[in-house]
Amino acid sequence: MSETRGVLLPAYVLADESGSMSPYLGDLSDGLTSLCEGLRAEPMVAAKLRLAVLGFSDDVQVRLAVADMRTESTLPQMVIRGLTSYKAVFEDLLQRIPADVQWLRGEGYKVHRPVVFLLSDGQPTDGRSWRSPHAQLTDRSQTPTAPNIIACGIGDARADTMLEVATRPEFAFVAKSGTDLGQAISEFFHSLTSSLVASGHALNSASPQLVVNRPEQFTMAIDEV
Amino acid sequence: MNPPRVPVVEHHRLTLGGQLGQGGQGTVHEVANRRINRAAGGGWDVVYKEYAAAVLPSLQPDALLARAELVGELNAADAAWLCEKTAWPAAVVQRQGKTCGFLMRAVPDRFRFDFRTLHGTGSTRRLATMEYLLNDDAYVAGVGLTVSTRDRLAVLGDLAATLSRLHRLGITVGDLSPKNLLFSTSPQAECFLIDADAMRLRGTTVLPQAETPDWQVPDGEEKATGAGDVYKLALLAVRLIARDQTAADPDVLSAVAPALADLARCSLDTDRKRRPTPALWAEHLAAAVATASTVPAAAPTTAGPGTGPVLQTGRGPGSPRPGGPTATATAPAAATSGSTARARGWSALAASVAVVVVAIAGVATTHSGHSGSGSAAAATSATAEPAPEDTGFTDPADPDADPADPGLPDPDDTGDPDPAEPPASDTPEDPPTPDDPVADAEVGSCFYDRGTSGHADLEATDCTDGAFKVVDIFRGTTDLDACDDVDDNDESVSSSRNDRVLCLSYQSSGGTAYHADQGDCVYGTPGGSWGTVSCGTGNFKVLAAYRGTGDHTKCTSWPHYNEWKTFTVSHDSGLDVLLCLSMNYPDDAGYATQRECLLKSGSGGQATFTNVGSCAASNVVVTGRTSRYRAASFCGNDGWTTWEPTDYPALAYTVCWRST
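Per an unreviewed UniProt entry, chain B carries the name Protein kinase domain-containing protein and comes from Actinacidiphila bryophytorum.

Chain A has the name VWFA domain-containing protein in an unreviewed UniProt entry, where Actinacidiphila bryophytorum is given as its organism.

In structure tokens form, the structure reads like this:
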């Protein structure tokens, strides 16, 4: 039989915990709950995924470490705090992702290219300083484990920023103007779950592919520019 | 006489309710205005599966219609059974005369369970798919299931019996996977099969045969055969007991019943000729159920954050996962295990394995190189990947994949083309020839098979040693299992072009004893040809006949075993035969052991010794035994009886006895 223990997809959910998300903490928690429960109820998908949930603000804090959702007994809790530092996000991922991949390999797994889902409700408050770590993170010659990044903007987040963050133009989404933010958050997690479930099936099929579903109430950011 | 009811419904006549599920092949909806089988307590709820637009071009509407019509063609008992065990297509649905889906019964409620959520605010009703059972006990109990090892074996036993009957009806499951197998443990352990439209019926399929990742038959093997179903049944057996989604080592079954481990090993053989029947699985599972543990999976004992096992298999605590505050790892809860079989029982179990191994030699499912493989060539893993229409967009091939990082495959670089598809180069090499051996074959014709595994390449020849002789022909079918009950069948060859199946019997240079079964008597001189003979003193009784092996150590546990015979086939060890043999001695003295009581009748050279099962009813007791002939001095002053077979002097004996 195979020498390896299978191929895993590491998936990182980066949720904005800045102060402006305060009114939507309930929606954020509900969304994370439905994501985690949705994966737990799909054990064949959960077995092929390792989910991490990171809250970002002035820094990045781990709400769920790379987990097999079948073995988790609690749900991640978000904490509203501080500003919106994209630099903190990408500097963190630049360290975290290679280390996680190395760890998973050490456990005997092969690893698909990691995927990052970023949900932000505002423009970065740290100006342009995030572009350097972002460039380094997404450059596959510098970072062999460079992730695919899907960026979803709600509220004040702008389409052009989402397009800069996402690794492909088709991976950038913004909520339609006038959309209720709570509903947009809910839709983000809904499509995230279905994308991961579909990817979990597709990555192990004869024609592996990452599947990204557009959240309801969102448009592709590329259509906005 | 009423014309047969044509099971076709126009889409606009359906009142659809909510969507119940979505997959790569289509979506399933509730149907509000239809019932199936009203005779059964008001009937069954109906659901509608609509095929995705992406799969319609490869849909075979006639094959779907044939499924809907099957229920009316079967006898009442088979029809009722089929509808009880599967979500069999009941009617074809069309839009303006074009097939777009079908109706089937809704899943019976006993195949659902209350899925317990983590945050403890209740539960959701979900289909009880087998996938939930292929995880450690903490997970199983955590999602709200109460399942013991006995339940697992009993569900598996019901599945084995179900497969056996499906195969008899000309149905093979094909994509047997934990996603389309449902289970119930109450009121009794049983299974229910969904995605029945994907099953293969009499060689036809509605959509190209697909397989689930980690649930594929060996590379190059034809999909959706009976032997393929048995392969996957064995995977399921291993994984249900291992509580793991990808385990494949049959040893895990030894703790439950050694016979099951042995059966799984045969079933996972890449040579499908060596795989046993589902009926044999059912038989052994029934035996294993009787002794298996009834203790259900333990509920999670840890409620603290993140203290569940990080690793999914029992390799002990892993290294802590990085980056988290919750990095402790505990070993999975120990699985309950069943008792092991007794030594004598093992012999008895091995006996029935041997019997059925003979029977399954008929599943030697090569298919003709001439068979029309158009549908197979179109096969894709349609169910495994979401159709483009279902998704926003996909990440297509990454042109800039990093070659310097081979250990990190891109999502698009781990795939390989469908291994079951014949290479495209087959087609030009394989034009129809004027003398088509399959079309011209008659019972009694002989062929050499020049083909490789999975593909026969028949060449007509005289009926000499090393040839295959046609022992039966089934017309109007390509079902390779048709030969299962044909005597001496070793290989089945189907041709869809000729719509027939040839049952072939290997002509061994070793003689007709090659096809001997357990209980037959055989004889041959050492190194000579062996034939099947009527049982009598001096010839051998077949204790067990093993196909596909020459390993005579398999014989050692058989009572009265004292000789073995192998027939080896140099170009195909799958055709090897091992016979475990027992000499037919003149009377019970031959196998008597010291202190055994016997009834001696007659006297002198005419004396006969019989084991009557009771010392009180006997008149002599055995005082010694040697394998030398006429060893009178060995017996001292005791009486003795002696015998020697002409060709096998090593099997001679002198047995000493004393009157009681």
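### So, the overall build of chain B
Scanning chain B for helices and strands turns up 11 helices and 30 strands. Buried residues in chain B amount to 52% of all 660 residues. Long-range contacts, defined as pairs at least 24 residues apart, comprise 61% of the intrachain contacts of chain B with a sequence gap of at least 6. For chain B, the exposed area adds up to about 28200 Å²; of that, 51% sits on carbon and sulfur atoms.

### Brief notes about the packing of helix α3 (residues 86-106) of chain A against helix α4 (residues 131-138) of chain A
Residues and elements named next belong to chain A. Viewed as axis vectors pointing N to C, α3 and α4 meet at an angle of 30°, and their least axial separation amounts to 8 Å. With respect to α4, the element α3 is oriented roughly parallel. Handedness of the α3/α4 crossing: left-handed. Along its contact with α3, which presents Lys87, Phe90, Glu91, Leu93 and Leu94, the element α4 presents Pro133, His134, Gln136 and Leu137.

### Structural notes on the sheet that holds strand β27 (residues 608-610) of chain B
The strands making up a sheet associate through backbone hydrogen bonding, with each pair oriented either parallel or antiparallel. All names here are of chain B. Taking strand neighbours across the sheet as the criterion, the five strands line up as β27-β26-β28-β30-β29 in an open arrangement whose pairing is antiparallel. Among the strands making up the open sheet, the edge pair consists of β27 and β29 (639-643). The mean angle between the axes of side-by-side strands here comes to 40°, regardless of whether they run parallel or antiparallel. Looking at chain direction, β29 and strand β30 (residues 653-659) are connected through five bridges and run antiparallel. The residue bridging Thr642 from the neighbouring strand is Thr654, located in β30.

### Regarding empty space enclosed by the protein
Residue and element names in this part refer to chain B. Enumeration over the complete set of coordinates arrives at seven cavities of 30 Å³ or more. When its volume is computed, the largest cavity comes out at roughly 120 Å³. Thr172, Arg200, Ala224, Asp479 and Leu480 are, among the 14 residues lining the largest cavity, the residues nearest its centre. Residues that form the lining of the largest cavity fall into these classes: two nonpolar, seven polar and five charged. There are two domains that each give the lining of the largest cavity at least three residues, and those are domain 2 (109-207 + 214-300 + 356-362) and domain 3 (364-372 + 438-506).

### Some remarks on the pattern of salt bridges
Scanning all chains against the criterion turns up 39 salt bridges over all chains. Residue Arg81 of chain A pairs with Asp59 of chain A through a salt bridge whose shortest N-O separation is 2.6 Å. In this pair, Arg81 of chain A is assigned in the loop between β3 (60-67) and α3 and Asp59 of chain A in the loop between β2 (49-56) and β3, connecting sequence segments 22 residues apart. The class of Arg81 of chain A is buried, set by a relative accessible area of 17%. We note a salt bridge from Asp269 of chain B to Arg274 of chain B, for which the minimum N-O separation is 3.4 Å. Taking relative accessible area as the criterion, Asp269 of chain B reaches 19% and is therefore assigned buried.

Definitions and cut-offs
Residues numbered from 1 in each chain as written. Chains lettered and ligands numbered in written order. Predicted model: local features only at pLDDT ≥ 70, side-chain atom pairs only at ≥ 80, totals over all residues. Heavy atoms only, no water. Helix = DSSP H or I, 4+ residues; strand = E, 2+ residues; numbered from the N terminus. Buried < 20%, exposed > 50% of the residue type's maximum accessible area, 1.4 Å probe, protein only. Contact = heavy atoms within 4.5 Å. Areas by Shrake-Rupley, 256 points an atom, 1.4 Å probe, with all protein chains shown as cover. Axes fitted to C-alpha atoms, helices over the stretch in contact; angles between N-to-C directions. Parallel < 35°, antiparallel > 145°, perpendicular 65-115°, else oblique. Left-handed = near helix turned anticlockwise from the far one by under 90°. Pairing = 2+ DSSP bridges. 1 Å grid on protein atoms, 1.4 Å probe; cavity = no way out; pocket = protein on both sides within 12 Å on 5 of 7 lines; lining within 4 Å. Points joined across faces, edges and corners; volume = space filled by probe spheres on them. Nonpolar A, V, L, I, M, F, W, Y, C, P; charged D, E, K, R; others polar. Domains from an automatic or database assignment. Salt bridge = Lys/Arg side-chain N within 4 Å of Asp/Glu carboxyl O.

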